[in-house]
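An overview of the molecular structure
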There are 2 protein chains.
Amino acid sequence: MKVQKEKFFNFLSRKRLKNTNQRVVILEAFLRQKSHLSTEDFYRQLRKKHPGIGYATVHRTLKLFAECGIAAERNFGDGQMRFEVSREDEHHDHLVCTACSRIFEFENQQIEQLQREVAQTYNFQISDHRLELYGLCSDCRPQTTSAPQGASPANL
Amino acid sequence: MKVQKEKFFNFLSRKRLKNTNQRVVILEAFLRQKSHLSTEDFYRQLRKKHPGIGYATVHRTLKLFAECGIAAERNFGDGQMRFEVSREDEHHDHLVCTACSRIFEFENQQIEQLQREVAQTYNFQISDHRLELYGLCSDCRPQTTSAPQGASPANL
DNA sequence: TTGTATTTTGATTTCCGTTTTCAATTTCTA
DNA sequence: TAGAAATTGAAAACGGAAATCAAAATACAA
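Residues numbered from 1 in each chain as written. Chains lettered and ligands numbered in written order. Predicted model: local features only at pLDDT ≥ 70, side-chain atom pairs only at ≥ 80, totals over all residues. Heavy atoms only, no water.

On to helix α4 (residues 55-68) of chain B, then. Residues and elements named next belong to chain B. Given a rise of 1.5 Å per residue, 14 residues ought to cover 20 Å, and the 20 Å separating the end C-alpha atoms of α4 matches this to within 8%. Within the span of α4, buried status applies to Val 58, Thr 61, Leu 62, Leu 64, Phe 65 and Cys 68. Axial view of α4: buried residues confined to an arc of 155°, hence all on one face. Buried residues belonging to α4 abut α1 (2-14), α2 (21-32), α3 (39-49), β2 (71-75) and β3 (81-85). (Helix = DSSP H or I, 4+ residues; strand = E, 2+ residues; numbered from the N terminus. Expected span 1.5 Å × (residues − 1). Buried < 20%, exposed > 50% of the residue type's maximum accessible area, 1.4 Å probe, protein only. Arc of directions from axis to C-beta. Contact = heavy atoms within 4.5 Å.)

See the structure below:
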């Protein structure tokens, strides 16, 4: 967390932006939150402790986080922008439960490697990627795991 | 294309929906189009030949296509919904050029297999997935390929 | 410190794509 | 062919992101 804070403050001074109370509060709340919150949800949560802070400020500050690299914007196709703390080194992908909306993270180096190979085939220079698996998490899936997949024909 | 048409008409009668002129026109235009068009772009293109058709109808009909399985909704994070013809058998993923916005398709069974393995690890029942690689296509990337990556620090 | 230029804030409005509404029209069934 | 039911298209409503703007806060120089 230290690292991220420094990174943000460096970013501010580099860009000659001002270090305000609100920004500090939002930064700390952001680094403390665990899940992939939408701006709206994050704002609502923040508001409990800091009723004075406006939505616009939260929105703008999250954008700043993304710009300076301590936040990653995520979009799981539900029309809400989500932010998560992004760590220097690691990259992860997501399992999204379509029933309970919980989001799980995973990391798989083999997949990453194959992606690089695909890109190379197309002579494509990757700057980012997204991989999401949608379905039912272990709590939400019907029962045990014996049936062969393909029971619900409408889904891709 | 025959297959998709039948599928749609079957869907209509199964749901006791009516087979209108507009739907036929939109269906044929949709099956004919190649790229990943947004509703807006598709509508504009359609309008050249069929000025009478309204946006709402196009939108609703594309949704029907998606519901009956002959279209897949795509969202590349630019705030536009896109539709593509989806074929029974194959699944593909996308390379999205961040410079020229062109979209390339690829298929990789190894990645698909690894995804299934990841899901199994989490006891997750996959119903869908999305994988997109963002970056510069061969036409848009700076030059040749000799430099080690990491020149632009701000990008993930 | 204080003065002052500059940035930031927060309430509100604007934007923009998606979705709904509703009266008029079309389709389907008996 | 009549009548019930679904569809159409124009327009309005919606929802989240982003912009606006006057008032407030900040940083820097003297």
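Looking at chain direction, strand β4 (residues 93-97) of chain A and strand β6 (residues 125-136) of chain A are connected through 4 bridges and run parallel. Bridging from a neighbouring strand, Cys 97 of chain A pairs with Gly 135 of chain A of β6 of chain A. (Pairing = 2+ DSSP bridges.)

Near DNA strand D lie 22 residues; those nearest to it are Lys 18, Thr 20, Arg 23, Thr 57 and Arg 60 of chain B. Restricting attention to atoms of DNA strand D within 4 Å of the protein, one finds that 74% of them are sugar or phosphate atoms. The contact in question runs from a phosphate oxygen of DNA strand D to an N or O atom on the side chain of His 59 of chain A, over 2.7 Å. Within the contact set of DNA strand D, a base nitrogen lies 2.6 Å away from a side-chain nitrogen or oxygen of Lys 18 of chain B. Elements with a contribution of two residues or more to the surface near DNA strand D: α4 (55-68) of chain A together with α2 and α4 of chain B. Looking at which element gives the most residues to the surface near DNA strand D, the answer is α4 of chain A, with 5 residues. Taken together, the residues of the surface near DNA strand D break down into 6 nonpolar, 10 polar and 6 charged. (Near = heavy atom within 4 Å. Polar contact = N/O pair within 3.5 Å; in protein donor to acceptor, adjacent residues only side chain to side chain. Nonpolar A, V, L, I, M, F, W, Y, C, P; charged D, E, K, R; others polar.)

By themselves, these observations are geometric and do not establish any function.
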